[in-house]
Amino acid sequence: MVVAAAKSELTLLDRSFAVVERLKAELDHKVVTGFAVREQHANVTTYLPNEPADAVVFAECTEDVQAVVRACADYEVPVIPWGAGTSLEGHVNAPFGGICVDLSRMNRIIAVNTADLDCVVEPGVTRKRLNEELRDQGLFFPIDPGADASIGGMASTRCSGTNAVRYGTMKDNVLSLKVVTPTGEVITTATRARKSSAGYDLTRLYVGAEGTLGIIVEITLRLFGIPEAVSAAVCPFPSVEAACNTVIATIQSGIPVARIELLDEVQVKASNAYAKLALAETPTLFLEFHGTEASVHEQADRFGELAAEFGGGPSVFAVKPEERSKLWQARHDAYWSVLPLRPGAKAVATDVCVPISRLAECVMETKRDIEEMDLIAPIVGHVGDGNFHTTLMVDVDDPEDFAKAKLYMKRLVERALAMGGTSTGEHGIGQGKMKYMLPEHGEEALEVMRSIKRAMDPKNIMNPGKIVAI
């Protein structure tokens, strides 16, 4: 091809156009250039500007992904993977244009290995569908970020969710990946073995890489047996501090809670209205216990004793599946429930994570900031592992209001870092939190990340403008 000689004379827009024409010839109807589709596939759930790609390719197999990556590599055009569009930090934006690869049609459950408690899926499989397919075999996949996210996106952002306190995050539950590299080749990062000492841990390198090192086209996941007994509970507290201190005591006491979620009084009020609940509008913990009938009762009793020491309770239990589903759906709908609190404003969700011993201190200082800055920012959190979120209501068109919101988010992250925490426990870096990579990791560690990016993606075509700038 004459590509190498000609590309230096072309602008990025020209090169993108050439790639689109090539892909139309190779993939035909799978290539879409309409603005509405391109806009939908850019960032839609944050305060960051929408930056569409130049085309969207609806990949249906690994070979389609390879075709896109090879064309983009030839012309040095960006490639942006897209799963379900539920990310919160601008991961799917295309700041330099390029080609968005929609993986939602790659949605086969390839294998379920019941005896080995694992399965192999394509990246477009969503977590709800996976669990529907697994239920008849007595198995489930525990990672639950709330949204019906795609498994590929969940791996790319190293997500966690409500069950992480017991079952871990995506990094703990991905055994192996197949990845299309920046040259269009396919590699397998590991076997299905539960442990290995063979070489670099490539699986964990790609889990959380946000598509900046390659595109995930197949995932092997750990599975778990559905517990014999499951019981959910709601426990009110006189203050956020009392609720957080109960969480700390619960974790330090070794009670194996499956979920332990905090909703402050503002969030409880919003959830009551949105989900038609009737909870006391006071700081509240949502919990779930898994195990045998006897162990679930024991866990619940031990938790109740700890909660009482901090003025919490009594707990209200939900044992029937439909009652538990209503409760957890209300928790998952927290983002939508807060929108009526300030009509016309944008909901900006952000998160931090701190060591569990600093949880109460961090949440209380954050509450003080919210009150002193006169903000509407309900707090929710997967507090069992020190991770909490605020959903900040912002008028993004009001410079003064937007500046105040950015100051609040900056203070939140700086507070978490000062306490030995991280700028994000599960939302990822994307575009929105790149500025915090240096204070969190230091220049030396950040340069190692840049070196990895340069070595694996020398043309900087894989989701550029995310995590690290090179």
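The preceding data block contains the structure.
Everything numeric in this text was worked out from a predicted model, so none of it was measured.

Participant: Please explain the side chain of N93 as it appears in this structure.
Facilitator: With respect to the helices and strands, N93 occurs in the loop between β3 (79–82) and β4 (99–102). When its relative accessible area of 0% is taken as the criterion, N93 is described as buried. Not counting the four nearest positions on each side in its chain, N93 is found in contact with A42, N43, L48, P49, N50, E51, I80, Q431, N463 and K466.

Participant: Can you help me understand the environment of K466 in this one?
Facilitator: Checked against the element boundaries, K466 lands in the segment after α17 (437–456). Along the primary structure K466 and I429 are separated by 37 residues, whereas in three dimensions their C-alpha atoms are 7.0 Å apart. A polar contact of 2.9 Å, which involves the side chain of K466, links it to the backbone oxygen of H91.

Participant: Got a minute to help me understand the pattern of salt bridges in this structure?
Facilitator: Opposite charge on two side chains permits them to pair, given that their charged atoms come into close proximity. Tallied over the full model, the rule gives 29 salt bridges. A salt bridge links E60 to K30; the nearest nitrogen and oxygen atoms lie 3.9 Å apart. Here K30 lies in the loop between α2 (12–27) and β1 (31–32) and E60 lies in the loop between β2 (55–58) and α4 (62–75), a separation of 30 residues in the sequence. Ionic contacts of the salt-bridge type, sharing partners, join the residues K30, E60, D64 and R105 into one network.

Participant: Would you mind going over a negative patch on the surface with me for this structure?
Facilitator: Together, E132, E133, D136 and D148 line one region of the surface with negative charge. Along the polypeptide, E132 turns up in helix α5 (residues 127–135).

Participant: What is the right way to read the sheet that holds strand β5 (residues 109–113) from this model?
Facilitator: One key point about sheets: their strands pair by backbone hydrogen bonds, in either a parallel or an antiparallel sense. Strand order in the open sheet made by the 5 strands is β5-β6-β10-β8-β9, with antiparallel pairing throughout. The sheet is open, and its two edges are formed by β5 and β9 (186–188), each paired on a single side. Neighbouring strand axes in the sheet, compared pairwise and without regard to direction, differ in orientation by 15° on average. Across 6 bridges, the pairing between strand β8 (residues 174–180) and strand β10 (residues 215–222) is antiparallel. Looking across to β10, one finds that V174 is bridged to L221.

Criteria and thresholds
- Residue indices begin from 1 for each chain and proceed along its sequence in written order.
- With pLDDT at 70 or above as the cut-off, local features in this predicted model cover only qualifying residues; side-chain atom pairs require 80 or more to be listed or tallied, and sums for whole chains, interfaces and linings still use all residues.
- With hydrogens and water set aside, each side-chain value is computed from the structure's full complement of heavy atoms.
- Helix numbers and strand numbers start at the N terminus; a helix is a DSSP run of H or I with at least 4 residues, a strand a run of E with at least 2.
- For every residue, the accessible area obtained with a 1.4 Å probe (protein chains only) is divided by the maximum for its type, and the residue is called buried under 20%, exposed over 50%, and partly exposed between those limits.
- We call two residues in contact whenever any of their non-hydrogen atoms come within 4.5 Å of each other.
- Here a polar contact means two N or O atoms within 3.5 Å. Within protein one must be a hydrogen donor candidate and the other an acceptor candidate, and residues neighboring in sequence count only if both atoms are side-chain atoms.
- The term salt bridge refers to a side-chain nitrogen of Lys or Arg lying within 4 Å of a carboxyl oxygen of Asp or Glu.
- Without a salt bridge and with relative accessible area above 30%, a residue can belong to a patch; like charges are then joined within 9 Å and nonpolar side chains (Val, Leu, Ile, Met, Phe, Trp, Tyr) within 5 Å.
- Accessibility throughout is a Shrake-Rupley quantity obtained with a 1.4 Å probe, and a residue counts as covered only by protein chains that appear here.
- For the purpose of charge, His is not counted, nor are the chain termini; Lys and Arg are scored as positive and Asp and Glu as negative.
- Here the site of a charge means atom NZ of a Lys, CZ of an Arg, CG of an Asp or CD of a Glu.
- Between any two strands, pairing holds if DSSP finds at least two bridges.
- Lines are fitted to the C-alpha atoms to define the axes, a helix being fitted only along its stretch in contact, and any angle between axes, read from their N-to-C directions, falls within 0 to 180 degrees.

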